[in-house]
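Chains, contacts and geometry: an overview
Below are the chains, spelled out letter by letter.
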Amino acid sequence: MNNMSIQRVAVVGSGAMGSQIAMVCALAGYPVVLQDIREESLVKGKEQLKKQMEKRVTKGKLTSNEVKQAFNLITFTSSLDELSEADLVIEAIIEKLDAKKELFQNVEKIVSEQTILATNSSTIVSSKIAEAVSRPENVCNIHFFNPALVMELVEVVKGPHTSNQTSERCMDFVRSINKAPVLLKKEISGFIANRILGKLMDEALFLYENGYATHDEIDLVCKKALNHPIGPFALMDLTGLDVNYYVRMQRFEESGDENEKPSKVVAEKVRKGELGKKTGKGFYEYDEKGRKVEVVL
């Protein structure tokens, strides 16, 4: 390792994405601080990771000792001060620009001048956050896909403010955690994968809302005709309908284009708290173990 290599990692936000990103790093041998202002979120994140790791041990993908070593490398904390020694901080909090800017301002005061501040957001480009800090050259997007423990691709996005050194360090880091990085030479909201996926979801919602087919029929078409592993409605349930909602609201606020607003059905489900798998109901219903409940008519 050279003096600029990443040796210690911190992840802010212990939801599904944040906790899994932390575990990915720990499994690769990095000491990780997983921080969240909510103690109950940290407890829930840890419990979910235990269940996920138990499944991998049962399937023979990991040994009990490997899992134990990984958990020993993760510090669960509600204190931002614990991030002080991190060489890389990955933010995985709510998709709201003001919250991210405030967090980056607070984190920058704690960490060293060489620490990279990365956002996992695929919607909010890092230039919008970098304007809030004094060292914008250290800021970029490092976008993991859900579920981070499984998905291999990671998008690293170099904003106009991001230094070559920062993007190169991030690319090396992503390779070191056994993921496949793709570098976007300039930023664009949604990056590559989600811009393509967004078009598919928009069309699926249009077909559903206008009565051309049911949500499960559209999912079936995507799986059987297009060979997708999961349909768009099941995918929205998996990632969270609130995520879809906030992404579209962010785009609408940026563009002022009414077509960028969340679909009516997504907005209604978010209003009712039907956020998908994590709440037990979205477009589909799920049992307490997160398994889809088959509806028999």
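Notes on the structure follow.

**Digging into the side chain of arginine 251**
Tracing the backbone through its elements, the reader meets arginine 251 in helix α10 (residues 241-255). It turns out arginine 251 is buried and unbridged, and the closest side chain with the opposite charge, glutamate 260, is 4.5 Å from it. Contacts of arginine 251, omitting those with residues within four sequence positions, involve Thr123, Ser189, Gly190, Gly256 and Glu260.

**Description of the sheet that holds strand β4 (residues 88-91)**
Read across the open sheet, the eight strands follow the order β3-β2-β1-β4-β5-β6-β7-β8; overall the sheet is mixed. Two strands in the sheet have a free side with no partner beyond their single neighbour: β3 (74-77) and β8 (180-184). Going across the sheet, the axis of each strand differs from the next one's by a mean of 25°, ignoring polarity. Strand direction decides the pairing type here: strand β5 (residues 116-119) and strand β6 (residues 139-144), joined by three bridges, are parallel. Residue pairing in the sheet places leucine 117 in a bridge with valine 139 of β6. Sheet strands touched by helix α1 (residues 16-27): β1 (9-12), β2 (32-35), β3, β4 and β6. Its angle to β2, the strand with the most contacts, is close to 170°.

**What about the packing of aromatic side chains?**
All told, the structure shown has six aromatic pairs when counted by the stated rule. Taking the centre distance of 5.2 Å and the plane angle of 65° together, the rings of tyrosine 30 and phenylalanine 173 count as edge-to-face. Here the residue tyrosine 30 occupies a position in the loop between α1 and β2, and phenylalanine 173 occupies one in helix α6 (residues 164-176), the gap between them amounting to 143 residues. As far as the burial class goes, tyrosine 30 and phenylalanine 173 line up, both buried. A centroid spacing of 4.8 Å and a plane angle of 75° characterise the contact between phenylalanine 233 and phenylalanine 283, whose relative ring orientation is edge-to-face. Highlighted residues: phenylalanine 233 in helix α9 (residues 232-239) and phenylalanine 283 in the segment after α11 (264-271), separated in sequence by 50 residues. Stacked on the ring of phenylalanine 252, the Lys or Arg lysine 261 has its end atom at 4.9 Å from the ring centre. Positioned above the aromatic ring of tyrosine 284, the side-chain terminus of lysine 292 is 4.0 Å from the ring centre.

**Points about the state of the cysteines**
Under the defined criterion, the tally for this structure stands at zero disulfides. Its sulfur unpaired, cysteine 140 is 3.6 Å from the next cysteine sulfur, which belongs to cysteine 170.

**Describing the environment of glutamine 69**
If you trace the backbone, glutamine 69 turns up in helix α3 (residues 64-73). For glutamine 69, a relative accessible area of 45% translates into the label partly exposed. Separated by 43 residues in sequence, glutamine 69 and alanine 26 place their C-alpha atoms 8.2 Å apart.

**A few points about unusual backbone geometry**
Note the cis peptide between asparagine 146 and proline 147, where omega equals 0°. One can find proline 147 in the loop between β6 and β7 (153-157). Here the phi dihedral of asparagine 178 falls at roughly 65°; this positive angle occurs in a residue that is not glycine. Positionally, asparagine 178 belongs in the loop between α6 and β8. The backbone phi angle of phenylalanine 191 is positive, close to 55°, even though this residue is not glycine. Considering the arrangement of structural elements, one finds phenylalanine 191 in the loop between β8 and α7 (193-209). Classification of phenylalanine 191 as buried rests on a relative accessible area of 2%.

**Looking at the pairing of β1**
What you see with β1 is no split at all: Val9 and Val11 on one side and Ala10 and Val12 on the other are buried throughout. Pairing analysis gives four bridges linking β1 to β2, with the strands arranged parallel. Across the sheet, the residue bridging to valine 9 is valine 32, located in β2. Assessed by its sense of winding, the connection that carries the chain from β1 through α1 to β2 is right-handed. In the sheet, β1 pairs with β4 via four bridges, with the strands oriented parallel. Paired with alanine 10 across the strands is valine 89, a residue of β4.

Thresholds applied
Residues numbered from 1 in each chain as written. Predicted model: local features only at pLDDT ≥ 70, side-chain atom pairs only at ≥ 80, totals over all residues. Heavy atoms only, no water. Helix = DSSP H or I, 4+ residues; strand = E, 2+ residues; numbered from the N terminus. Buried < 20%, exposed > 50% of the residue type's maximum accessible area, 1.4 Å probe, protein only. Lys, Arg positive; Asp, Glu negative; His and termini not counted. Salt bridge = Lys/Arg side-chain N within 4 Å of Asp/Glu carboxyl O. Contact = heavy atoms within 4.5 Å. Pairing = 2+ DSSP bridges. Axes fitted to C-alpha atoms, helices over the stretch in contact; angles between N-to-C directions. Phe/Tyr/Trp six-rings, centres within 6.5 Å; stacked < 30°, edge-to-face > 60°. Lys NZ or Arg CZ within 6 Å of the ring centre and 35° of its normal. Disulfide = S-S within 2.5 Å. Right-handed = clockwise from strand over helix to strand, strands pointing away.

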